[in-house]
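Single-letter residue listing:
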Amino acid sequence: MKDELFLRGAKVPMTKEVVRTLALARLDLHRASHLIDVGAGTGSVSIEAALGHPELRVTAIERNPTALTLLAENRRHFDCRNIEIIAGEAPMAQGEKADAIFIGGSGGNLTQLIDWALNQLCPEGRLVLTFILQENLSAALNHLSSRGIHDFDCLQLQISELTPLGNGHYFKPNNPTFMISCQKEKNHG
């Protein structure tokens, strides 16, 4: 889905189209029944997942009141009844396990979120994390390794879009985004 289709707020983050598309592919949602989206922002990941997989139950967790309002408006706008919005901050008590977890914002609790996500995931569940800060990338890679997760993919995505400038065009770059994707092993605690 094009980014322009989503209702946007000035200070509400949104996972951009190319990053969102790759993240959703890495989550293997075709074999999932429950997705948790941590730091849901505008809800772009939750909404695209819900629309692409109508049988999927999506839990969108967000702590920012402005983002929560926008998330609810986007859920209504796209008529996504399979999205449950939870106002709060992960890690949190969450009853039902998930087959896929997307973490698009850590709020300064990255290692706790990774631990929580690994506990929330079903065996063979998929975890995808995105960052723009190199420090978060390093912390996540180190913590995943310390938790026994060594088989993961890590990418740096640098997207530029053709943009008019005067009588010509140039490729306007977006911030680089780092993406880690991994799978919880069957015997992982």
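What comes next concerns the included structure.

Let us look at the pairing of strand β3 (residues 83-87). If a strand is regular, its side chains alternate between the two faces of the sheet. Here strand β2 (residues 57-62) pairs with β3 via five bridges, running parallel. The residue bridging Ile61 from the neighbouring strand is Ile86, located in β3. Between the parallel elements β2 and β3, the chain passes through helix α3 (residues 65-77) in a crossover that is right-handed.

Formally, a disulfide is one covalent bond, and it connects the sulfur atom of one cysteine to the sulfur atom of another. Tallied over the entire structure, the rule returns zero disulfides. Cysteine Cys154 remains unbridged, with the sulfur of Cys182 as its closest cysteine sulfur at 11 Å. Since its relative accessible area comes to 35%, Cys154 is described here as partly exposed.

So, about the environment of Glu62. Relative to the elements of secondary structure, Glu62 occurs in strand β2. The exposure class of Glu62 is buried, given its relative accessible area of 9%. Linking Glu62 and Ile86, residues 24 residues apart in sequence, is a C-alpha distance of 6.5 Å. Other than its neighbours up to four places away in sequence, Glu62 contacts Gly39, Ala40, Gly41, Ala67, Leu68, Leu71, Ile86, Ala87 and Gly88. Engagement of the side chain of Glu62 in a polar contact is seen with the backbone nitrogen of Ala40, the distance being 3.2 Å.

Let us now look at the nonpolar core. One recurring pattern in soluble globular proteins: nonpolar side chains tend to sit buried together. Ile101, Trp116, Leu127 and Leu129 are the most contacted members of the largest nonpolar core, which has 26 residues in total. Considering each element in turn, this core owes the most residues, six residues, to helix α4 (residues 110-120). Excluding residues within four positions of it along the chain, Leu127 makes contact with Ile101, Ile103, Ala117, Leu118, Leu121, Leu144, Ile180, Ser181 and Cys182. Leu35, Val45, Ile83 and Ala100 belong to the second-largest nonpolar core, a separate cluster that totals 24 residues.

Turning our attention to the pattern of salt bridges. Enumeration over the complete set of coordinates arrives at nine salt bridges. Across the salt bridge formed by Arg20 and Glu48, the nearest N and O atoms sit 2.7 Å from each other. In this pair, Arg20 is assigned in helix α1 (residues 17-26) and Glu48 in helix α2 (residues 44-52), connecting sequence segments 28 residues apart. A residue is classified by how much of its surface remains accessible, and Arg20, at 0% relative accessible area, is buried. Sharing partners across several salt bridges, the network here consists of Asp28, Arg31 and Arg126.

Quick notes on the rules
Residues numbered from 1 in each chain as written. Predicted model: local features only at pLDDT ≥ 70, side-chain atom pairs only at ≥ 80, totals over all residues. Heavy atoms only, no water. Pairing = 2+ DSSP bridges. Helix = DSSP H or I, 4+ residues; strand = E, 2+ residues; numbered from the N terminus. Right-handed = clockwise from strand over helix to strand, strands pointing away. Disulfide = S-S within 2.5 Å. Buried < 20%, exposed > 50% of the residue type's maximum accessible area, 1.4 Å probe, protein only. Contact = heavy atoms within 4.5 Å. Polar contact = N/O pair within 3.5 Å; in protein donor to acceptor, adjacent residues only side chain to side chain. Core = buried A, V, L, I, M, F, W, Y, C linked by side-chain atoms within 4.5 Å. Salt bridge = Lys/Arg side-chain N within 4 Å of Asp/Glu carboxyl O.

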